[in-house]
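Here is what each chain is made of, one letter per residue.
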Amino acid sequence: EAQVTQNPRYLITVTGKKLTVTCSQNMNHEYMSWYRQDPGLGLRQIYYSMNVEVTDKGDVPEGYKVSRKEKRNFPLILESPSPNQTSLYFCASRREAGGVQPQHFGDGTRLSIL
Amino acid sequence: DAKTTQPNSMESNEEEPVHLPCNHSTISGTDYIHWYRQLPSQGPEYVIHGLTSNVNNRMASLAIAEDRKSSTLILHRATLRDAAVYYCILRASRRGAGNMLTFGGGTRLMVKP
């Protein structure tokens, strides 16, 4: 089944403790991205990747890192998480970087930073 | 990206058609109209997209005004599982600049049994 898989689905942690949210897609998609969703602010893009080893900042990249060493994986790294990064995170992928194909989203990761 | 305007919420009865409107008066010639929906506790899900002509798929129909300044997502027979937030999004077909989807507030559809 074609899907985008995020792990963990839920995480409660403390300020400053490095964490990684993994994202994997099995559709051989070129394009992957991370969004965060907050009440009243909608979904905002954090980082995106147009292909392996190509990443760039979205609208709200501060406090986050990403890497794209393989086509299928696009982990989101919080080196020193802070409470304002408490949010619902979604990973998404699309067949090509350009074009208008649909984006496929994971089921989300709910992070709570205490 | 051009902005879209949608009603905050709408209600429908089960098994009746639902017409979800979207205004996009500043749409440019290269902007495609996309619709996504987000069910409770899930990620956004693609519904349909189009450029100028009306489009149909297994989930819904998309009716696009002749001047392209508005569009309507049509669910032919609403079910309880269609209760979700529906987002109308414009996206140009071009490479670069993140090609992100800009999600606005969307329309929360409530379906009554």
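Preceding block: the structure.
Residues numbered from 1 in each chain as written. Chains lettered and ligands numbered in written order. Predicted model: local features only at pLDDT ≥ 70, side-chain atom pairs only at ≥ 80, totals over all residues. Heavy atoms only, no water.

A. Quick peek at the pattern of salt bridges. Under the defined criterion, the tally for this structure stands at seven salt bridges over all chains. The shortest N-O distance in the salt bridge between Lys112(B) and Glu11(B) comes to 3.1 Å. Remark: Glu11(B) occurs in strand S1 (residues 9-13) and Lys112(B) occurs in strand S9 (residues 107-112); sequence separation between them is 101 residues. Judged by its relative accessible area of 37%, Lys112(B) falls in the partly exposed class. The structure contains a network of salt bridges with shared partners spanning Arg36(A), Asp38(A) and Arg44(A). (Salt bridge = Lys/Arg side-chain N within 4 Å of Asp/Glu carboxyl O. Helix = DSSP H or I, 4+ residues; strand = E, 2+ residues; numbered from the N terminus. Buried < 20%, exposed > 50% of the residue type's maximum accessible area, 1.4 Å probe, protein only.)

B. Seen up close, the packing of aromatic side chains. Summed over all chains, the structure comprises nine aromatic pairs over all chains. Taking the centre distance of 5.7 Å and the plane angle of 75° together, the rings of Tyr36(B) and Tyr46(B) count as edge-to-face. Of the two residues, Tyr36(B) sits in strand S3 (residues 31-38) while Tyr46(B) sits in strand S4 (residues 45-50), which places them ten residues apart along the sequence. An aromatic cluster of at least three residues, connected via ring pairs, comprises Tyr35(A), Phe105(A), Tyr36(B), Tyr46(B), Tyr87(B) and Phe103(B). One Lys or Arg, Arg94(A), reaches over the ring of Tyr31(A) and ends 4.1 Å from the middle of that ring. (Phe/Tyr/Trp six-rings, centres within 6.5 Å; stacked < 30°, edge-to-face > 60°. Lys NZ or Arg CZ within 6 Å of the ring centre and 35° of its normal.)

C. Up close: the interface of chain B and chain A. At the interface, 22 residues of chain B touch 22 residues of chain A. Around 1,700 Å² of area is buried between chain B and chain A when both sides are counted, 54% of it from carbon and sulfur atoms. Linking chain B to chain A there are zero salt bridges. Applying the counting rule to chain B against chain A returns two residue pairs in polar contact (both at pLDDT 80 or more). Those elements that place two or more of their residues in the side of chain B that touches chain A are S3, S4 and strand S8 (84-92) of chain B. Of all the elements, S3(B) adds the most residues to the side of chain B that touches chain A, at four residues. A class-by-class count of the residues in the side of chain B that touches chain A yields nine nonpolar, ten polar and three charged. (Contact = heavy atoms within 4.5 Å. Buried area = accessible area lost by both parts, 1.4 Å probe. Polar contact = N/O pair within 3.5 Å; in protein donor to acceptor, adjacent residues only side chain to side chain. Nonpolar A, V, L, I, M, F, W, Y, C, P; charged D, E, K, R; others polar.)

D. Layout of a nonpolar patch on the surface. All names here are of chain A. On the surface, a cluster of nonpolar side chains totalling about 330 Å² of accessible area is made up of Ile12, Val14 and Leu114. Along the polypeptide, Leu114 turns up in the segment after strand S11 (109-113). Here Leu114 falls in the exposed class, since its relative accessible area comes to 62%. (Patch = residues over 30% accessible without salt bridge, like charges linked within 9 Å, V, L, I, M, F, W, Y side chains within 5 Å. Areas by Shrake-Rupley, 256 points an atom, 1.4 Å probe, with all protein chains shown as cover.)

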